[in-house]
Amino acid sequence: MTRRLSMAVLLLAFGTTPGAAEEIGDAARGADLFARQCQACHQIGEGAKNRVGPQLNKIFGRRAGSVEGFTYSRSMARMGADGLTWTLETLDAYLANPKALVSGTRMNYRGMPDPEARAALLAYLRDWSDRPQDIPESEPTARKTDPDLAPEVLALKGDPDYGEYLASECRTCHQADGSDQGIPSVTGWPEEDFVIAMHAYKQKLRPHPVMQMMASRLNDEEIAALAAYFATLK
Amino acid sequence: MKLNRRHFLGTGIAASALLTAPTVWGQAKPKVVVIGGGAGGATAARYLAKDSDGAIEVTLVEANPIYTTCFFSNLYLGGFYDFEKLQHGYDKLAGGGVTVINDMATGVDRAARTVTLAGGQVLPYDRLILSPGIDFKDGSVPGWSLDAAEIMPHAYKAGPQTQLLKKQVEEMPEGGVFAMIAPPNPYRCPPGPYERISMVAHILKTKNPTAKIIIADPKEKFSKQALFEDGWNRHYAGMVEWIGPDFGGGKVEVRPEAMEVVIDGEVTKVACCNVIPGQKAGKIAELAGVTDDSGWAPVHPDSMKSKADENVWVLGDSSAQGDMPKSGFSANSQAKVAAMAIRGELTGSKSFPAKYSNTCWSLIAPDDGVKVGASYEPTPEKIASVESFISEVGEDAALRKATYEESLGWYAGITADMFG
Ligand SMILES: Cc1cc2nc3c(=O)[nH]c(=O)nc-3n(C[C@H](O)[C@H](O)[C@H](O)COP(=O)(O)OP(=O)(O)OC[C@H]3O[C@@H](n4cnc5c(N)ncnc54)[C@H](O)[C@@H]3O)c2cc1C
């Protein structure tokens, strides 16, 4: 924490490059993408209001699911309570595939696979956030996480026997009959959504510490095995 | 006998053939006896019966017809959870193919591979699982013995003791002193005593705000200390005094008749005193001869098999396994590894590498929950911690509330996983 803080102070003291915002991506292209892909549901800029989706001013640094007056999906509200905050990294992952971060999101958007397009859109979104030069960021290319899963990983077929054994660990908290009291249900998920969600925990994009820990020691085959097993439960 | 079965497994007969083998050979099914129907034992019995699909005869021996969980018993103390909801019967286990015997196991003959019950019954076994929880070390707190537990309750085996402690706290005279004698390591549920302090403080804050709480502790530091101390400052400022070993917290005597606690020579009159003594493995583990000088039962890290006997497993609090804390979560996790290993030995089913984990939630005040957890893997020496996390001081209210709500989900989940 302290180290982070002093880094930020240093940057301020020695002056940030005014063009820092451009380093994310091409904001002009982002504006165009926003108009074509987001604007039907989201407003941004002066006087922006909640519509089908929440207004997007000051989204950087904001806790997920926290815009006043907007009713979020349970899934988004839960992620917000767990500590999901919108940063360059989490927004990038969310835009790439909304379900990677928020399985039950109501945002009816299949995702933006092209990293450059996402970077452009993020640059545009950041223009409407507070003091963009203060937003902690790393070079987009230097990010250690890659929310896009290789197709081979998604295509893996898991061993359901192994999945059943591994799943016994999940059942300590997640109920086998799918009931959902304080801890989400994990039964009956589409396999791909399950795999994507687990990898998002493994990469620590999703915030929950127990799930991050559980996912971090599962390899690709083990995640596939779990997905295969849980998909068989109703 | 045992060698024969091993031998057949070694010749590579398919698992499916083995499953039907007993009827073909006119031989009895392999028998597993589980002693103790708590967090470890109930889980092991349930998973063995469920996953072996009737190929193994599973018998669970449990002294009490109803199990009262220690986990969440502190929440009951604080008025956040009903006592009835802590209680679980064995009907579903019985319905799931486990033979449940409500009796006390009084002896284990490891040479003959039999268990003797108080009622006289003798149960033969091929594999024995011991998950008897804890017993208290005699003389660990001078002046206190089990006979004094009606005056100074331990409430560290949940049930009437927990109800007694709650009643005593609620009936404390105005401005009275609540004392806790905290246990030395190792003991069940490392954050348990301090979550309890939080719950007692919550009751006193509402009913008896001038009352005081003192903790005499033989330990230099305790689980989630920063989180608890921060929480006590925020919610119960000035109420809780922790006396560590540097201030005599380890030099304690209690006088139940006089309701006095003597800490480092200084006598304090108390209105309520919770004595949590030093602990050791449940008595039956000692009787079975699988414990060592430490009072706990050493096990192999990759399977939870006893180091003293290859046909005996020890789970949960009684086991000495390495880094895992003695918790219900740990016992449940260990039970699944054990069930898989035993099934593998008896029926030739596939075995996978052991993975263990634990998370302990604690409630500090209404909607102020915290957690600590870790994942574990076997090394040749011990079960070793791989990765861990802990809540942070200064988390916002929404996260703390979500953590508390999650603990309610965990309780529902783990009890369903244990008792069906
Ligand atoms: C106040 C408190 C709070 C806690 N909170 C948590 C928590 O939040 N989370 C968590 O994970 N853990 C918690 N724990 C710890 C948890 O309760 C124990 O670690 C867990 O119950 C251990 O499981 P076990 O199977 O080893 O023993 P137990 O669950 O104690 O089960 C032992 C069983 O064996 C039976 N038995 C013993 N001897 C015999 C015999 N000879 N014959 C027949 N039956 C016998 C007993 O009757 C008992 O039912 C808490 C403990 C306490 C005291």
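Residues numbered from 1 in each chain as written. Chains lettered and ligands numbered in written order. Predicted model: local features only at pLDDT ≥ 70, side-chain atom pairs only at ≥ 80, totals over all residues. Heavy atoms only, no water.

Engineer: For this particular structure, what's the right way to read the overall build of chain A?
Structural biologist: Counting its regular elements, chain A contains twelve helices and zero strands. For chain A, the succession of helices and strands along the chain, N to C, is α-α-α-α-α-α-α-α-α-α-α-α. For chain A, the proportion of its 234 residues judged to be buried stands at 50%. The contacts of chain A with a sequence gap of at least 6 include a subset with a gap of at least 24, amounting to 63%. Element-wise, carbon and sulfur atoms account for 56% of the exposed surface of chain A, whose accessible area totals about 12000 Å². (Helix = DSSP H or I, 4+ residues; strand = E, 2+ residues; numbered from the N terminus. Buried < 20%, exposed > 50% of the residue type's maximum accessible area, 1.4 Å probe, protein only. Contact = heavy atoms within 4.5 Å. Areas by Shrake-Rupley, 256 points an atom, 1.4 Å probe, with all protein chains shown as cover.)

Engineer: Help me understand the domain arrangement of chain A in this model?
Structural biologist: Interface size is commonly expressed as the accessible area that is lost once the parts come together. Residues and elements named next belong to chain A. Once the domains are mapped, chain A shows domain 1 (20–130) and domain 2 (151–232). The C-alpha centroid of domain 2 is placed 26 Å from the C-alpha centroid of domain 1. In this assembly, domain 1 packs against domain 2 so that about 1100 Å² is buried in total across both faces, 56% of it on carbon and sulfur atoms. Ranking the residues of domain 1 by area buried against domain 2 places Arg78, Asp82 and Ser103 at the top, with a combined share of 38%. In this structure, the salt-bridge partner of aspartate 180 is arginine 78, at a minimum N-O distance of 3.6 Å. At the boundary of domain 1 with domain 2, the tally comes to six residue pairs in polar contact (both at pLDDT 80 or more). When residues of the side of domain 1 that touches domain 2 are traced back to their parent elements, those giving at least two are α4 (74–82), α5 (88–96) and α6 (98–101). (Domains from an automatic or database assignment. Buried area = accessible area lost by both parts, 1.4 Å probe. Salt bridge = Lys/Arg side-chain N within 4 Å of Asp/Glu carboxyl O. Polar contact = N/O pair within 3.5 Å; in protein donor to acceptor, adjacent residues only side chain to side chain.)

Engineer: Explanation requested: the interface of chain B and chain A in the structure shown.
Structural biologist: Each partner contributes residues to the interface: chain B has 41 residues there, and chain A has 28 residues. Here chain B and chain A share an interface that buries about 2600 Å² over both sides, 56% of which is from carbon and sulfur atoms. If you sort the residues of chain B by the area they bury against chain A, Phe352, Lys355 and Glu387 of chain B come out on top, with a joint share of 23%. At the boundary of chain B and chain A, one finds six salt bridges. Applying the counting criterion to the chain B and chain A interface returns 18 residue pairs in polar contact (both at pLDDT 80 or more). Listed by contribution, the elements that provide at least two residues to the side of chain B that touches chain A are α3 (39–52), α10 (328–347), β22 (356–365), β23 (368–378), β24 (383–390) and α11 (397–419) of chain B. Tallying contributions element by element places α11 of chain B first for the side of chain B that touches chain A, with 13 residues.

Engineer: What's the story with the sheet that holds strand β12 (residues 212–216) of chain B in this structure? I'm lost.
Structural biologist: Within a beta sheet, neighbouring strands are joined by backbone hydrogen bonds and run either parallel or antiparallel to one another. Residue and element names in this part refer to chain B. Strand order across the open sheet formed by four strands is β13-β12-β11-β17, with parallel pairing between neighbours. Both outer strands of the open sheet, β13 (240–243) and β17 (272–275), are each paired with one neighbouring strand and no more. Sheet twist, expressed as the average angle between the axes of neighbouring strands with direction ignored, equals 15°. The pairing of β12 with β13 spans four bridges and is parallel. When the sheet's bridge partners are listed, isoleucine 214 is paired in β13 with glutamate 241. (Pairing = 2+ DSSP bridges. Axes fitted to C-alpha atoms, helices over the stretch in contact; angles between N-to-C directions.)

Engineer: Teacher, can you tell me more about the nonpolar core here?
Structural biologist: Nonpolar side chains in soluble globular proteins tend to end up buried together. Grouped together as the largest cluster of nonpolar side chains are 167 residues, with contacts concentrated most on Val115, Leu130, Phe178 and Trp410 of chain B. Broken down by element, the residue count for this core peaks at ten residues, all from α10 of chain B. Residues within four places of tryptophan 410 of chain B in sequence aside, it is in contact with Thr172, Cys173 and Ile183 of chain A together with Phe71, Phe72, Phe329 and Trp361 of chain B. Residues Ala148, Ala149, Ala216 and Val252 of chain B belong to the second largest nonpolar core, which totals 19 residues. (Core = buried A, V, L, I, M, F, W, Y, C linked by side-chain atoms within 4.5 Å.)

Engineer: Is there a simple way to explain the pattern of salt bridges in this structure?
Structural biologist: Where charged atoms from two side chains of opposite charge approach closely, those side chains can pair. All names here are of chain B. All chains considered together, the criterion is met by 38 salt bridges over all chains. We note a salt bridge from arginine 113 to aspartate 126, for which the minimum N-O separation is 3.5 Å. Residue arginine 113 is found in the loop between β6 (105–109) and β7 (114–117), and its partner aspartate 126 is found in the loop between β8 (122–124) and β9 (127–130); the two are separated by 13 residues along the sequence. Across the pair lysine 157 and aspartate 135 runs a salt bridge whose closest N-O atoms are separated by 2.9 Å. With lysine 157 in the loop between β10 (134–136) and α6 (160–170) and aspartate 135 in strand β10, this pair connects stretches of sequence that are 22 residues apart.

Engineer: What is the right way to read the packing of aromatic side chains from this model?
Structural biologist: Where two aromatic rings form a pair, the distance of their centres and the angle of their planes describe that pair. All names here are of chain B. Summed over the entire model, instances satisfying the criterion amount to 26 aromatic pairs over all chains. Residues phenylalanine 72 and tyrosine 411 carry aromatic rings whose centres are separated by 4.6 Å and whose planes lie at 25° to one another, so their mutual orientation is stacked. Placement of phenylalanine 72 in the loop between β3 (67–68) and α4 (73–77) and of tyrosine 411 in helix α11 is noted, with a sequence separation of 339 residues between them. Like tyrosine 411, phenylalanine 72 is buried. Feature note: the residues Phe71, Phe72, Tyr81, Phe329, Trp361, Trp410 and Tyr411 constitute an aromatic cluster, connected by ring pairs. Over the face of the ring belonging to tyrosine 81 we find lysine 85, whose NZ or CZ atom lies 4.3 Å from the ring centre. (Phe/Tyr/Trp six-rings, centres within 6.5 Å; stacked < 30°, edge-to-face > 60°. Lys NZ or Arg CZ within 6 Å of the ring centre and 35° of its normal.)

Engineer: Help me out: how do you make sense of the site of the ligand in this one?
Structural biologist: Residues and elements named next belong to chain B. Among the 35 residues in the neighbourhood of the ligand, the closest are listed as Glu62, Tyr67, Ser131, Arg188 and Asp317. A distance of 2.7 Å separates an oxygen atom of the ligand from a polar side-chain atom of glutamate 62. Within the backbone of glycine 133, a nitrogen or oxygen atom sits 3.5 Å from an oxygen atom of the ligand. Starting from 1000 Å² of accessible surface for the ligand in isolation, the protein chains cover 94%. If you list the elements that add at least two residues to the shell around the ligand, you get α3, β2 (57–62), α4 and α10. Broken down by element, the shell around the ligand gets its largest block of residues, three residues, from α10. Split into classes, the residues belonging to the shell around the ligand amount to 17 nonpolar, twelve polar and six charged. Lining the shell around the ligand are residues from two domains, each supplying at least three of them: domain 1 (2–136 + 279–352) and domain 2 (151–275). (Near = heavy atom within 4 Å. Nonpolar A, V, L, I, M, F, W, Y, C, P; charged D, E, K, R; others polar.)

Engineer: Explain the sheet that holds β7 of chain B here, please?
Structural biologist: Residue and element names in this part refer to chain B. With respect to topology, three strands assemble into an open sheet ordered β6-β7-β8, the strand pairing being antiparallel. Edge positions in the sheet fall to β6 and β8, since each has one partner strand and no second. Sheet twist, expressed as the average angle between the axes of neighbouring strands with direction ignored, equals 20°. Where β7 and β8 come together, three bridges link them in antiparallel fashion. Opposite threonine 116, over in β8, you have valine 122 as the bridge partner.

Engineer: What exactly am I supposed to notice about helix α7 (residues 115–127) of chain A here?
Structural biologist: Residue and element names in this part refer to chain A. Helix length check: α7, at 13 residues, gives a terminal C-alpha distance of 19 Å against a target of 18 Å (1.5 Å per residue), a fit within 8%. α7 sits mainly inside the fold: ten of its 13 residues count as buried. Of the positions making up α7, those classed as buried are Ala117, Arg118, Ala119, Ala120, Leu121, Leu122, Ala123, Tyr124, Leu125 and Arg126. One side-chain oxygen of the residue at the start of α7 lies 3.0 Å from the amide nitrogen of glutamate 116, identifying that residue as aspartate 114. (Expected span 1.5 Å × (residues − 1).)

Engineer: How should the environment of proline 209 of chain B be read in this particular structure?
Structural biologist: All names here are of chain B. Residue position: proline 209 is located in the loop between α7 (192–207) and β12. You can call proline 209 exposed: its relative accessible area is 56%. For proline 209 and alanine 285, which are 76 residues apart along the polypeptide, the C-alpha to C-alpha distance reads 44 Å.

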